[in-house]
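Survey of secondary and tertiary structure
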Amino acid sequence: MKILTGVQPSGKLHLGNYFSAIRKILHYQNKAELMLFIANLHALTTFSSKENLKENTISAALDLLALGVDPDKTIFWIQSDVPEVTELTWYLSQSITVSQLQLAHSFKDKVAKGFVPGAGLFTYPVLMASDILLYSADKVPVGKDQKQHLEFARDIAERFNSNFGETLTVPEPDIDENTAAIPGVDGAKMSKSYKNTIDLFGTEKEIKKAIMSIVSDSKEISEPKDPDTSIIFQIHSLFLNEEEKQILKTRYTSGGVGYGDLKKSLLDQVMTHFEPFRKKREELSNDLSYVNEILAKGKTKASSIARKKIEEVRKALGIYPF
Ligand code: ADP
Ligand code: TRP
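Source: prediction; values computed, not measured.

**What to know about helix H12 (residues 242-253)**
Over its 12 residues, H12 extends 16 Å from the first C-alpha to the last, a length consistent with the 16 Å expected when each residue adds 1.5 Å. Between a side-chain oxygen at the N-terminus of H12 and the backbone nitrogen of Glu-243 the separation is 3.2 Å; the capping residue is Asn-241. In the stretch just after H12, Gly-255 is the one whose phi turns positive, near 80 degrees.

Below, the structure written as structure tokens:
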């Protein structure tokens with residue numbers, strides 16, 4: 001069973017990313033063959049500057065390695081290091097129609113917000129299908145927002161196979177439909193675009209500022225608090241097992257503890273939980289040649305899989321040289 005997923009290098013990771021996407025990806029590492037890459041070519045569709053792209057690409061690699069990606073178990077590489085993916089994108093773009101791509105939510109949403117789309121944003125799902133099909137992934141863990149992209153990848157693989165002969169593995173999506181949206185400091189879904197995040201690798205000062213700004217009601221210190229409606233509790237409980245959750249609940253319901261103290265406990269929890277990861281990230285950022293070595297090994301492994309598949313696809317299509 002080959003599991004593959006991509007992460008866009010789009011800035012700082014937050015608790016929402018960690019507790020949904022990243023932990024789930026890492027959980028596969030010991031169970032199956034995991035392939036994980038940083039989707040820097042996809043990031044071009046929202047390009048701001050080359051400095052930004054460079055910084056975000058390395059930053060994403062550091063984040064994932066610090067959080068536990070083990071290069072001895074997982075093939076870990078940067079998307080652009082295997083250019084076969086862009087060649088395959090061209091071949092696959094013949095197996096999907098313009099009217100299908102026009103239905104893509106990701107495209108429609110950006111256009112609705114006034115973004116003037118390049119052709120790259122329009123064909124974004126084809127590049128994503130290429131990522132998946134080039135490496136013959138069986139299963140692709142993604143967030144709910146990527147569901148339609150996975151359907152496109154399946155459609156493309158099926159159409160290609162029926163037109164040109166069985167060549168591509170039709171991937172299965174792996175989506176938790178009922179993962180709750182993790183709330184941000186204002187109670188809305190935590191998201192970079194809402195600026196309501198608690199970042200994993202922010203400074204203590206930044207994390208403290210974010211946590212202290214979590215909205216709460218105006219109950220006095222002496223009054224019992226309702227954990228079920230408290231954003232502080234919802235975020236804090238992500239770190240806890242059932243027993244620890246019950247203990248924390250009692251602190252809320254028994255009264256005598258103010259929101260300031262409850263936030264302070266959450267801050268301690270966040271800092272303690274991510275301390276080893278921060279340390280690891282710091283070490284890695286001081287040894288970029290080691291990080292580049294890991295990525296180079298990932299590139300070699302991914303390339304060898306990609307080259308075989310691209311040969312099969314060229315043959316199926318009659319691409320010169322024969
Ligand atoms: P953002 O909304 O901050 O831009 P992304 O779209 O980059 O986050 O999300 C990357 C992954 O993290 C996706 O798989 C998405 O489903 C997951 N994710 C992001 N925010 C949350 C959240 N608040 N709750 C649950 N999952 C989230
Ligand atoms: N589009 C995905 C996202 O924004 C990232 C991605 C690119 C991806 N290629 C992929 C995810 C292939 C899974 C498989 O989250």
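**Quick notes on the site of ligand 2**
Inspection of the region around ligand 2 gives 14 residues, with His-42, Tyr-124, Met-128, Asp-131 and Gln-146 positioned closest. A distance of 2.7 Å separates a nitrogen atom of ligand 2 from a polar side-chain atom of Tyr-124. Side-chain polar atom of Asp-131 to a nitrogen atom of ligand 2: 2.7 Å apart, as the coordinates give it. Relative to its unbound accessible surface of 370 Å², ligand 2 loses 89% to contact with the protein. Secondary-structure elements contributing two or more residues to the shell around ligand 2 are strand S1 (2-7) and helix H8 (124-134). With four residues, the top contributor of residues to the shell around ligand 2 is H8. Grouping the constituent residues of the shell around ligand 2 by class yields eight nonpolar, five polar and one charged.

**As for the nonpolar core**
Among the nonpolar cores identified, the biggest contains 53 residues, and Leu-15, Phe-76, Ile-198 and Ile-214 are the most heavily contacted of them. Ranked by the residues each element gives to this core, the list is headed by helix H13 (residues 259-285), at nine residues. Taken domain by domain, this core gets at least three of its residues from each of domain 1 (2-180 + 288-317) and domain 2 (202-283). Once residues within four sequence positions are removed from consideration, Ile-198 is found in contact with His-14, Leu-15, Val-185, Met-190, Ile-207, Ala-210, Ile-211, Ile-214 and Ile-235. Residues Ala-104, Val-140, Ala-306 and Ile-310 belong to the second largest nonpolar core, which totals 42 residues.

**A closer look at the environment of Ile-294**
Considering the arrangement of structural elements, one finds Ile-294 in helix H14 (residues 288-317). On the basis of relative accessibility, which here comes to 8%, the residue Ile-294 falls in the buried class. For the pair Ile-294 and Ile-231, spaced 63 residues apart in the sequence, the C-alpha separation amounts to 39 Å. Once residues within four sequence positions are removed from consideration, Ile-294 is found in contact with Leu-65, Pro-71 and Phe-76.

**Brief notes about unusual backbone geometry**
The omega angle of the peptide bond from Tyr-320 to Pro-321 is -5 degrees, so this bond is cis rather than trans. Locating Pro-321 in the fold gives a position in the segment after H14. With a phi angle near 50 degrees, Ser-136 is a residue other than glycine that sits in the positive phi range. For Ser-136, a relative accessible area of 17% puts it in the buried group. Of note in this structure, Lys-195 is not a glycine but carries a positive phi near 55 degrees. By the secondary structure assignment, Lys-195 is in the loop between strand S5 (172-174) and helix H10 (204-212).

**Considering the UniProt feature "short sequence motif: 'HIGH' region" (unreviewed entry) in the protein**
Under the UniProt annotation, "short sequence motif: 'HIGH' region" (unreviewed entry) lies at residues 9-17. For residues 9-17, the helix share is 33%, the strand share is 0%, and the end-to-end C-alpha distance is 12 Å.

**As for the side chain of His-42**
Among the structural elements, His-42 can be located in helix H2 (residues 40-43). A residue is classified by how much of its surface remains accessible, and His-42, at 2% relative accessible area, is buried. Leave out the neighbours within four places in its chain, and His-42 touches Gln-8, Gln-79, Tyr-124, Leu-127, Met-128 and Asp-131.

**A short note on the pattern of salt bridges**
Applying the stated criterion across every chain yields a total of 14 salt bridges. A salt bridge links Asp-174 to Lys-24; the shortest N-O distance between them is 3.2 Å. Separated by 150 residues along the polypeptide, Asp-174 in strand S5 and Lys-24 in helix H1 (residues 15-28) bring together distant segments of the chain. What makes Lys-24 buried here is its relative accessible area of 19%. Between Glu-87 and Arg-314 there is a salt bridge; the shortest N-O distance is 2.8 Å. Here the residue Glu-87 occupies a position in helix H4 (residues 84-92), and Arg-314 occupies one in helix H14, the gap between them amounting to 227 residues.

Cut-off values and rules
Just so you know, the residues in each chain are numbered from 1, in the order the chain's sequence is written. Labels follow written order: the first chain is A, the first ligand is 1, and so on. This being a predicted model, a pLDDT of at least 70 is required before a residue's local features are given, and a value of 80 or more before pairs of side-chain atoms are given or counted; all residues contribute to the totals for chains, interfaces and linings. The side-chain numbers reported here are obtained from all heavy atoms of the structure, hydrogens and water having been left aside. Only runs of H or I of at least four residues qualify as helices and only runs of E of at least two qualify as strands under DSSP, and these elements are numbered from the N terminus. Between the first and last residue of a helix there are one fewer steps than residues, each counted as 1.5 Å, and that sum is the expected span. Distance and chemistry together define a polar contact, namely a pair of N or O atoms within 3.5 Å, with one atom able to donate a hydrogen and the other to accept it when in protein, and with adjacent residues in sequence counting only for side-chain atoms on both sides. The near set for a molecule or strand comprises every residue that places at least one heavy atom within 4 Å of it. Per-residue accessibility takes into account occlusion by the displayed protein chains alone, with areas from the Shrake-Rupley method and a 1.4 Å probe. Residue polarity is assigned by list, with Asp, Glu, Lys and Arg as charged and Ala, Val, Leu, Ile, Met, Phe, Trp, Tyr, Cys and Pro as nonpolar; anything else, Gly included, falls into the polar class. The set of buried Ala, Val, Leu, Ile, Met, Phe, Trp, Tyr and Cys residues whose side-chain atoms join them within 4.5 Å is what this entry labels a nonpolar core. Throughout this description, buried means an accessible area under 20% of the type-specific maximum (1.4 Å probe, protein chains only), exposed means over 50%, and partly exposed covers the range between. Segmentation into domains, and thus their bounds, comes from an automatic or database assignment. What makes two residues a contact is simply this: any of their non-hydrogen atoms within 4.5 Å. UniProt positions are given in the numbering used here, feature names are shortened, and annotations may be inferred rather than shown by experiment. Any Lys or Arg side-chain nitrogen found within 4 Å of a carboxyl oxygen on Asp or Glu counts as a salt bridge.

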